[in-house]
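If you want the building blocks of each chain, they are given just below.
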Amino acid sequence: MTPYGNLLYFLMLAVLFLPIVIYGLKGKKLPIYSTIVGWALIILIFVNQTTQLIFFLCFTVFQLGLVLFYQKYRVHKNQSVTFYSVILLALLPLILTKIQPYLFSFTLFGFLGISYVTFKTVQILIEMRDGQIKDMTPLQFLRFFLFFPTFTSGPIDRFRRFEKDVEKHYVEGEYKELLYTAIQLIFRGFFYKYIIAHILDVYVISNVYLNENLFIYKLIYMYAYSFYLFFDFAGYSAFAIGVSYLLGIKTPPNFNKPFLSKNIKDFWNRWHMTLSFWFRDYVFMRLVFLIRKKKWIQNRYTISYIGYLSLFLLMGIWHGLALHYIVYGLYQAVLIISYDLYERKIKSKKWIKSSVFTDALAILITFHFICFGFLIFSGRLF
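- Labelled according to an unreviewed UniProt entry, the protein appears under the name Teichoic acid D-alanyltransferase, originating from Gottfriedia endophytica.
- Quoted straight from UniProt, the Function (unreviewed entry) entry for the protein says "O-acyltransferase that catalyzes D-alanylation of both teichoic acid and lipoteichoic acid (LTA). D-alanylation of LTA plays an important role in modulating the properties of the cell wall in Gram-positive bacteria, influencing the net charge of the cell wall. Catalyzes D-alanylation from DltC carrier protein."
- Regarding the protein, the UniProt comment filed under Pathway (unreviewed entry) reads as follows: "Cell wall biogenesis; lipoteichoic acid biosynthesis."

The following block contains the structure:
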């Protein structure tokens, strides 16, 4: 069963969440009941998928074992080789999932949501090494790792922020506000995903797709697909965040009006924010720090550009090993490096002054670069 995939799923949520809402309005939580319901809903994802269910259960035990091992190890030691080995082991199932289509004609590894839960493990391991997480019980790990509202497609939360919400007691009237926000988000999700995205998919994209060899149809497809991608994913994220709020967890937002971005850096601070911030904090920043610490390169701009190139290439590969995903990652890297060069040039020369006109022009130009990137991402450029 696909989360948020049909009306039956939402009706089931309404029934299962009724005790949680009733107790929440009384200022109380039902942690055991909430956990059992959440894990049961995850198991429902694997209905009629026995192989994936077995892999998921083994994967979960494996990730838990890695975290508990490293937590015990980190108390007395902090060798880099052990840390990177554990990180590689945590990533190994995800790597196998990504490369298996090129090795086998059938599916051996993977399940819906493997990327997002893997990132949770990697985040925890990194913060354990940094000393930010010093003590974690198996229940705390599993509660975070198997948080069902965001299990399949995010948003990606942070363990310490998540745990504060879990441990927090409601103050008077707080759950009523959470419930109100949750209802707003869920209705927004229906509007985005099941009305706007559906109309774009059925009445625009499907019709244009048949004639997309013509330039005008290719152009229409590019814009329609870009908006479809946003409303479909933003709708899903609204569902996930809304359901999280019903559980008292303020999962961070994933989108913030990305098509109003004034430049490509601004866009990546607005689009799929939890993923881009995750890659920024745990890939880009750490790679830049490592290069500076080892003094492999002296020029700080060169270091940043190597970081951007590595970051977006990795993000492209994360979507898949198909050529258009890799090209999409490289395209984003070229955009952000080019913008950084441009930004440093105009700031030093003070050629352009900010105004309503220049801001509007910047948004328009950025929008078209974004849409062309999504055309590459779709695999329909050629």
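### Thoughts on helix 6 (residues 138-145)
Working step 1: Buried residues dominate helix 6, accounting for six of its eight residues.
Working step 2: For helix 6, the set of buried residues is Gln140, Phe141, Leu142, Arg143, Phe144 and Phe145.
Working step 3: In this fold, the buried residues of helix 6 make contact with helix 2 (31-45), helix 3 (50-74), helix 5 (114-129) and helix 7 (159-167).

### Things to note about the packing of helix 3 against helix 4 (residues 80-99)
Axis angle and axis distance: for two packed helices, these are the angle between their axes and the distance between the axes, and together they describe the pair.
Working step 1: One way to put it is that helix 3 packs onto helix 4 with a least axis distance of 10 Å and a crossing angle of 170°. In terms of axis orientation, helix 3 runs roughly antiparallel to helix 4. Contacts between helix 3 and helix 4 involve Phe55, Phe59, Phe62, Gln63, Leu66, Phe69, Tyr70 and Tyr73 from the former and Thr82, Phe83, Val86, Leu89, Ala90 and Pro93 from the latter.

### Details of the packing of helix 1 (residues 7-25) against helix 2
Working step 1: Helix 2 packs onto helix 1 with a crossing angle of 165° between their chain directions and a minimal axis gap of 10 Å. With respect to their mutual orientation, helix 1 and helix 2 come out roughly antiparallel. Regarding helix 1 and helix 2, the two cross each other, and that crossing is right-handed. Contacts from Tyr9, Met12, Leu13, Leu16, Phe17, Pro19 and Ile20 in helix 1 reach Tyr33, Ser34, Val37, Leu41 and Leu44 in helix 2.
Working step 2: Here the residues of the contact of helix 1 with helix 2 are counted per class, giving 11 nonpolar, one polar and no charged.

### Observations regarding the packing of aromatic side chains
Pairs of aromatic rings are described using the distance from one ring centre to the other and the angle between the two planes.
Working step 1: By the definition in use, this model includes 62 aromatic pairs.
Working step 2: Judged by centre distance (4.8 Å) and plane angle (20°), the ring pair of Phe46 and Phe56 falls under stacked. Taken together, the residues span a long stretch of sequence, with Phe46 in the loop between helix 2 and helix 3 and Phe56 in helix 3 at a distance of 10 residues.
Working step 3: For the ring pair Tyr70 and Phe83, a centre distance of 6.0 Å and an interplane angle of 50° mean the geometry is tilted. One end of the pair, Tyr70, is in helix 3; the other, Phe83, is in helix 4, with 13 residues separating them in the sequence.
Working step 4: Owing to a relative accessible area of 0%, Tyr70 belongs among the buried residues under this scheme.
Working step 5: Among the residues examined, Phe83 registers a relative accessible area of 3% and is labelled buried.
Working step 6: The ring of Tyr84 carries Arg129 above its face, with NZ or CZ at 5.9 Å from the centroid.

### A short note on empty space enclosed by the protein
Working step 1: Applying the stated criterion across every chain, the model contains two cavities of 30 Å³ or more.
Working step 2: In this structure, the largest cavity occupies an estimated 320 Å³ of space.
Working step 3: Around the largest cavity, the lining is made up of 21 residues, and of these Pro31, Ser34, Thr35, Phe147 and Leu247 lie nearest the centre.
Working step 4: Of all the secondary structure elements, the ones that give two or more residues to the lining of the largest cavity are helix 1, helix 2 and helix 7.
Working step 5: Per-element tally for the lining of the largest cavity: the top contributor is helix 2, with five residues.
Working step 6: For the lining of the largest cavity, the per-class residue count stands at 13 nonpolar, four polar and four charged.

### Quick notes on the pattern of salt bridges
Working step 1: Under the definition given, this model contains 15 salt bridges.
Working step 2: Note that Asp157 is salt-bridged to Arg161, the shortest N-O span being 2.7 Å.
Working step 3: Arg161 sits in the partly exposed class, given a relative accessible area of 26%.
Working step 4: Taking the shortest distance from any N to any O, the salt bridge between Asp340 and Arg344 comes out at 3.3 Å.

### Regarding unusual backbone geometry
Working step 1: Here the bond from Gly154 into Pro155 is cis, since omega is 0°, no more than 30 degrees from zero.
Working step 2: Considering the arrangement of structural elements, one finds Pro155 in the loop between helix 6 and helix 7.
Working step 3: A positive phi angle, close to 60°, is found at Tyr4, a residue other than glycine.
Working step 4: The exposure class assigned to Tyr4 is buried, which follows from its relative accessible area of 0%.
Working step 5: Unlike most non-glycine residues, Asn48 shows phi in positive territory, near 65°.
Working step 6: Among the secondary structure elements, Asn48 is positioned in the loop between helix 2 and helix 3.
Working step 7: Judged by relative accessible area, which is 78%, Asn48 ranks as exposed.

Calculation rules
Residues numbered from 1 in each chain as written. Predicted model: local features only at pLDDT ≥ 70, side-chain atom pairs only at ≥ 80, totals over all residues. Heavy atoms only, no water. UniProt positions renumbered as here; feature names shortened; annotations may be inferred. Buried < 20%, exposed > 50% of the residue type's maximum accessible area, 1.4 Å probe, protein only. Helix = DSSP H or I, 4+ residues; strand = E, 2+ residues; numbered from the N terminus. Contact = heavy atoms within 4.5 Å. Axes fitted to C-alpha atoms, helices over the stretch in contact; angles between N-to-C directions. Parallel < 35°, antiparallel > 145°, perpendicular 65-115°, else oblique. Left-handed = near helix turned anticlockwise from the far one by under 90°. Nonpolar A, V, L, I, M, F, W, Y, C, P; charged D, E, K, R; others polar. Phe/Tyr/Trp six-rings, centres within 6.5 Å; stacked < 30°, edge-to-face > 60°. Lys NZ or Arg CZ within 6 Å of the ring centre and 35° of its normal. 1 Å grid on protein atoms, 1.4 Å probe; cavity = no way out; pocket = protein on both sides within 12 Å on 5 of 7 lines; lining within 4 Å. Points joined across faces, edges and corners; volume = space filled by probe spheres on them. Salt bridge = Lys/Arg side-chain N within 4 Å of Asp/Glu carboxyl O.

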